[in-house]
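# Breakdown of the fold
This is what each chain is made of:
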Amino acid sequence: MARTESKTMQVHPMEEQAAIETMQRFGWSLLSSQEVHVKDSHLENKLGLFGESLVSVTETTHYVKLVFSRDLDMPNIDKLRELERQYHGLQPEAPPPGMPGWVWAIAVVSSFFLFGLPLILAAVVHFTMIAPRKTEWEQQSAQRAEQRRAVVQQAMQY
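Bear in mind that the values here come from a model prediction, so they are computed numbers and not experimental data.

### What about a nonpolar patch on the surface?
On the surface, Val-108, Val-109, Phe-112, Phe-113, Leu-114, Leu-117, Leu-119 and Leu-121 cluster together into a nonpolar patch covering about 830 Å² of accessible area. Residue assignment for the nonpolar patch shows that the elements contributing at least two residues are α3 (101-111) and α4 (117-156). Tracing the backbone shows Leu-117 in helix α4.

Structure follows, in structure tokens:
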């Protein structure tokens, strides 16, 4: 009887096929794919202008559960594992936060009373502090994506 290992992952439905193809490059075989919809509804008390009110809150989760299996006796299993670790270690980071919309709204409204100064200050902060961080993040994300593609190409050799 062959020795195997298994792995389960959750992905967005739009990423299902890409995830399957990537995992197959690391020697994994798809055992099952299950689309999951979870709808959770509950009531919450909210404090409003006219006192407390009861509000219905619904949260929906939608993902695809993928189950993979891989033969432990396959050739180059150790090299594939190492490449897979490298690949997953190159996950994209979350983008840096931008200027909140409410800050822009306050800057616009208060600019009418303060001759545009708050709007100018908000724009200066955006273009000197926030925009450069976003540009740097975009460059790093592009580098990580290229590194991930290179790792997948290496895995295809095995």
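On we go.
### What about the pairing of strand β2 (residues 29-48)?
Each regular strand shows side chains that alternate between the opposite faces of the sheet. Sheet topology note: the β2/strand β3 (residues 51-71) ladder contains 19 bridges and is antiparallel. Note that in β3 the partner of His-37 across the bridge is His-62. Hairpin connection of β2 to β3: two residues between the antiparallel strands.

### Some details on the layout of surface pockets
Empty space within the largest pocket amounts to approximately 260 Å³. Along the walls of the largest pocket sit Met-9, Val-11, Glu-15, Ala-18, Ala-19, Thr-22, Met-23, Tyr-87, His-88, Gln-91 and Arg-148, which together make up its complete lining. Broken down by element, the residue count for the lining of the largest pocket peaks at four residues, all from helix α1 (residues 16-25). In terms of lining residues, the second largest pocket is bounded by 13 residues, among which Tyr-87, Arg-144, Ala-145, Arg-148 and Arg-149 are the most central.

### Some points on α3
What α3 keeps buried is the set Ala-107, Ser-110 and Ser-111. One side of α3 holds all its buried residues, which, seen down the axis, span an arc of 105 degrees. When the buried face of α3 is taken as reference, the exposed residues oriented beyond 90 degrees from it are Gly-101 and Trp-102. Of the surrounding secondary structure, the elements contacted by the buried residues of α3 are α4.

About the thresholds
Residues numbered from 1 in each chain as written. Predicted model: local features only at pLDDT ≥ 70, side-chain atom pairs only at ≥ 80, totals over all residues. Heavy atoms only, no water. Patch = residues over 30% accessible without salt bridge, like charges linked within 9 Å, V, L, I, M, F, W, Y side chains within 5 Å. Areas by Shrake-Rupley, 256 points an atom, 1.4 Å probe, with all protein chains shown as cover. Salt bridge = Lys/Arg side-chain N within 4 Å of Asp/Glu carboxyl O. Helix = DSSP H or I, 4+ residues; strand = E, 2+ residues; numbered from the N terminus. Pairing = 2+ DSSP bridges. 1 Å grid on protein atoms, 1.4 Å probe; cavity = no way out; pocket = protein on both sides within 12 Å on 5 of 7 lines; lining within 4 Å. Points joined across faces, edges and corners; volume = space filled by probe spheres on them. Buried < 20%, exposed > 50% of the residue type's maximum accessible area, 1.4 Å probe, protein only. Arc of directions from axis to C-beta. Contact = heavy atoms within 4.5 Å.

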